[in-house]
Amino acid sequence: MELSSLTNQVSTQAAAQASLLLLRKTLELQAASIGGLVQAATPASSPSNPPNLGNSVDVMI
């Protein structure tokens, strides 16, 4: 195996590992910011309509 070929392979693997590390860190940061948004979201409130509203339908024929 030639030295230049080996050097090229090592360089390529190092670049791939750096890319994966960057991707992993980016995903961690996105997960953290999504978690903050989910916690900040207000829970859906129940409707304030009267309980008898919408229980029956009047149909005239």
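Going by the structure above, here's the rest.
Residues numbered from 1 in each chain as written. Predicted model: local features only at pLDDT ≥ 70, side-chain atom pairs only at ≥ 80, totals over all residues. Heavy atoms only, no water.

A. Geometry of the overall build of the protein chain. When helices and strands are tallied, the protein chain shows one helix and zero strands. The C-alpha extent of the protein chain, read off along each of the three principal axes, is 90 × 35 × 10 Å. Taken across its 61 residues, the protein chain has 0% of its residues classed as buried. Of the roughly 6000 Å² that the protein chain leaves accessible, carbon and sulfur atoms contribute 62%. (Helix = DSSP H or I, 4+ residues; strand = E, 2+ residues; numbered from the N terminus. Buried < 20%, exposed > 50% of the residue type's maximum accessible area, 1.4 Å probe, protein only. Areas by Shrake-Rupley, 256 points an atom, 1.4 Å probe, with all protein chains shown as cover.)

B. Structural view of the pattern of salt bridges. Per the stated rule, a full pass over the model turns up one salt bridge. The closest approach of N and O atoms between Lys25 and Glu28, which form a salt bridge, is 4.0 Å. Residue Lys25 and its partner Glu28 are located together in helix α1 (residues 3-40), separated by three residues, close to a single helical turn. (Salt bridge = Lys/Arg side-chain N within 4 Å of Asp/Glu carboxyl O.)

C. Highlighting a nonpolar patch on the surface. A cluster of nonpolar side chains, contributed by Leu3, Leu6 and Val10, occupies part of the molecular surface with about 300 Å² of accessible area. Tracing the sequence through the fold places Leu6 in helix α1. Residue classification places Leu6 among the partly exposed positions, given a relative accessible area of 41%. (Patch = residues over 30% accessible without salt bridge, like charges linked within 9 Å, V, L, I, M, F, W, Y side chains within 5 Å.)

That is the geometry; function is a separate question.
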